Amino acid sequence: MLKIAVIGLGWWGSTIIKCLQESNIVEIYAAVDIDEKRGNFICSKYNLRYYKNIEDALGDIDVDAVIIATAHGLHEEMFISSLEANKHIFCEKPFALSSKAAKRMITGAESKGIIIGIGHERRYEGALEELKRVVDSGKLGTLLHLEFNASYNMMVNAPPTGWRKDPREAPAGMMTALGVHQTDFMQTLAGPVKSLNSQLIKRSDDFPNEDVLTIQFNFKSGISGSLTSLATTPFYQRMTVFGDRGWIENREISNVDMPDPARLMWCAIDNEIHTRTFKMTNTVRANIESWASAVMGNGSYRFSNEEILHNVEILEAIVSSISSGQEVKIS
Ligand SMILES: NC(=O)c1ccc[n+]([C@@H]2O[C@H](COP(=O)([O-])OP(=O)(O)OC[C@H]3O[C@@H](n4cnc5c(N)ncnc54)[C@H](O)[C@@H]3O)[C@@H](O)[C@H]2O)c1
C-alpha cells in the first residue's frame, strides 16, 4: 500500500479521503491543513496523523506520497517542496497556473523518475471511456468538430472574497473549476491545440465576475472545437463529437454533488439513435489508485506529462486570448 498524506482538507481534500476509505492500494495515513480546527476534526474522524505544516508531513519518513488539494496558487511551491523531500505526488487540477511553472514541476519530477498524478478523474467515467472507444474505433468517420459545454452555478454562493473568485487564483471564469477537465478530455480525442480564441463577458448580477466564457479551438489535427462554460446557470454538461459518418454525445446529469447517471447517445450513418446509461462510479478512487499502482510498478497511468503540460498551456492561452481579444497560437 502507498502511504499518503493529503495536503489541504477543504471540500476536495476531505472528499478524496472519503473516496479512498475502501482502498486496498493506497492508505491515507496523514493529512495537513493550516486550519487546526478543520485539521483536527477530519484527522480524528478518519484516524489520521495530523500536521499543521506541509514541511512536517514531508519530514515524516512513513509518508511515501502526497496529494496536493489546496488553492491553485499553492500547487507549484508545494509540488516542488514535495519533490525535494523525494515524495511521489498527485496534484489536483489545475496542475499549475502557468506553463513556466508546469515545465519546472514536470522537469523536476522527470529528473527524479517520479510519476505525476493529476486530478482529472473524469477520464475514468464509464460514459467517457465508451465515448473515447467509439471515437478511436473510427466509426464516426473523419472527425469534424467537438462541441463541449460545462456549466454550473456552484460558485454563486461562494464567499465573495475567497480564492475561488480571485482571478489570480481562478482565472478565465469557470475554467479552473470546470473547464480544465473538459480541455483535458478534448485533447485525448483531438490531440494538441494549435490556436484558440476566447471571450469572457459579464451577464448575470448573481456573480461578481464575468460569467459567460466561450472558446473556439483549432486542433493541430485539423479538428475544430468549442467550449462554453457558464458560471450562473444550473448544472449542465454536454460533450458532443461530430464526424462525417456519425456523432456521439455524453450528457452528464451527475457530478460529485449529484450522483445521477450519465447518458451516452450516438448516431451512425444509418441515422439510428443508440442510447446507453452509465451509473455514477467512484472515479476519484479509480484515478488515484491507477496512479498509485503505476508508482508501485504495476501498470501504466492514463496521463502523460505532455498532456498534463499541454492542458496548462491551453489554460494559459485562454487567459491570454481573453485579455488581448486576439487569437492565441500554442507552439
Ligand atoms: N478533481 C476535481 O474534480 C476537483 C473538485 C473540486 C476541487 N478540486 C481542486 O482541489 C483543490 C482544493 O479545492 P477545495 O475546493 O478543496 O479548496 P478549499 O478552499 O475548500 O480547501 C483548501 C484547504 O487548504 C487549506 N490550506 C490553505 N493553505 C494551506 C497550507 N499552506 N498548508 C496546508 N493547508 C492549507 C485550507 O485551510 C483549506 O482547508 C483545488 O485545486 C481545486 O481546483 C478538484
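Residues numbered from 1 in each chain as written. Predicted model: local features only at pLDDT ≥ 70, side-chain atom pairs only at ≥ 80, totals over all residues. Heavy atoms only, no water.

Caption draft 1: Seen up close, the domain arrangement of the protein. According to the domain assignment, the protein consists of domain 1 (2-114) and domain 2 (123-329). Between domain 1 and domain 2, the C-alpha centre-to-centre distance is 25 Å. Listed as interface residues are 33 residues of domain 1 and, on the opposing side, 32 residues of domain 2. Overall, the association of domain 1 and domain 2 removes approximately 2700 Å² of surface from exposure, summing both partners, and the carbon and sulfur fraction of that is 72%. Contact with domain 2 buries surface across domain 1, with Trp11, Phe90 and Lys93 losing the most and accounting together for 20% of the total. (Domains from an automatic or database assignment. Contact = heavy atoms within 4.5 Å. Buried area = accessible area lost by both parts, 1.4 Å probe.)

Caption draft 2: Structural detail: the site of the ligand. Taken together, 23 residues lie near the ligand, and Trp12, Asp33, Arg38, Glu121 and Arg164 sit nearest. Contact between the ligand and Trp163: an oxygen atom at 2.9 Å from a side-chain N or O atom of the residue. Protein contact buries 86% of the 860 Å² of open area that the ligand shows by itself. For the shell around the ligand, the secondary structure elements donating two or more residues are α1 (11-19) and α4 (75-84). (Near = heavy atom within 4 Å. Polar contact = N/O pair within 3.5 Å; in protein donor to acceptor, adjacent residues only side chain to side chain. Areas by Shrake-Rupley, 256 points an atom, 1.4 Å probe, with all protein chains shown as cover. Helix = DSSP H or I, 4+ residues; strand = E, 2+ residues; numbered from the N terminus.)

Caption draft 3: Summary view of the packing of α1 against helix α8 (residues 283-295). In contact at an axis separation of 9 Å, α1 and α8 are set at 80 degrees when each is read in the N-to-C sense. On the basis of their axis angle, the class for α1 and α8 is roughly perpendicular. Packed against α1, whose contacting residues are Trp12, Ile16 and Cys19, the element α8 presents Val284, Arg285 and Ile288 at the interface. Split into classes, the residues belonging to the contact of α1 with α8 amount to five nonpolar, no polar and one charged. (Axes fitted to C-alpha atoms, helices over the stretch in contact; angles between N-to-C directions. Parallel < 35°, antiparallel > 145°, perpendicular 65-115°, else oblique. Nonpolar A, V, L, I, M, F, W, Y, C, P; charged D, E, K, R; others polar.)

Caption draft 4: Spatial organisation of the sheet that holds strand β4 (residues 65-68). One open sheet accounts for six strands, arranged β3-β2-β1-β4-β5-β6; its pairing is parallel. Looking along the sheet, the strands with just one partner apiece sit at the ends: β3 (49-51) and β6 (116-118). Direction aside, the axes of adjacent strands within the sheet are offset by 25 degrees on average. Judged from the four bridges that link them, strand β1 (residues 2-7) and β4 form a sheet pairing that is parallel. Its bridge partner lying in β4, Ile7 is registered against Ile68. (Pairing = 2+ DSSP bridges.)

Caption draft 5: Quick peek at the pairing of strand β2 (residues 26-32). Along β2, six of the seven residues are buried, which leaves the element largely enclosed by surrounding structure. As paired elements, β1 and β2 share six bridges and run parallel to each other. Each bridged residue has a counterpart across the sheet, and for Ile7 the counterpart in β2 is Val32. Read from β1 through α1 to β2, the crossover connection turns out right-handed. Between the parallel elements β2 and β3, the chain passes through helix α2 (residues 36-46) in a crossover that is right-handed. (Buried < 20%, exposed > 50% of the residue type's maximum accessible area, 1.4 Å probe, protein only. Right-handed = clockwise from strand over helix to strand, strands pointing away.)

Caption draft 6: Highlighting the packing of helix α5 (residues 99-111) against helix α9 (residues 305-324). The contact between α5 and α9 brings their axes to 9 Å, and the two run at 170 degrees. For the element pair α5 / α9, the angle class is roughly antiparallel. Seen from α5, the contacting residues are Ser99, Ala102, Lys103, Ile106 and Glu110; seen from α9, they are Asn305, Ile308, Leu309, Val312, Glu313 and Glu316. Its residues placed into classes, the contact of α5 with α9 shows five nonpolar, two polar and four charged.

Caption draft 7: Focus on the packing of aromatic side chains. On inspection of all chains with the given rule, the structure shows seven aromatic pairs. Ring geometry for Phe79 versus Phe95: centroids 5.3 Å apart, planes at 85 degrees, classification edge-to-face. With Phe79 in helix α4 and Phe95 in the loop between β5 (88-91) and α5, this residue pair connects regions lying 16 residues apart in the sequence. As far as the burial class goes, Phe79 and Phe95 line up, both buried. Linked through ring pairs, Tyr124, Tyr301 and Phe303 together constitute an aromatic cluster. Looking at Arg302, its charged tip hangs above the ring of Tyr124, at a distance of 4.1 Å from the centre. (Phe/Tyr/Trp six-rings, centres within 6.5 Å; stacked < 30°, edge-to-face > 60°. Lys NZ or Arg CZ within 6 Å of the ring centre and 35° of its normal.)

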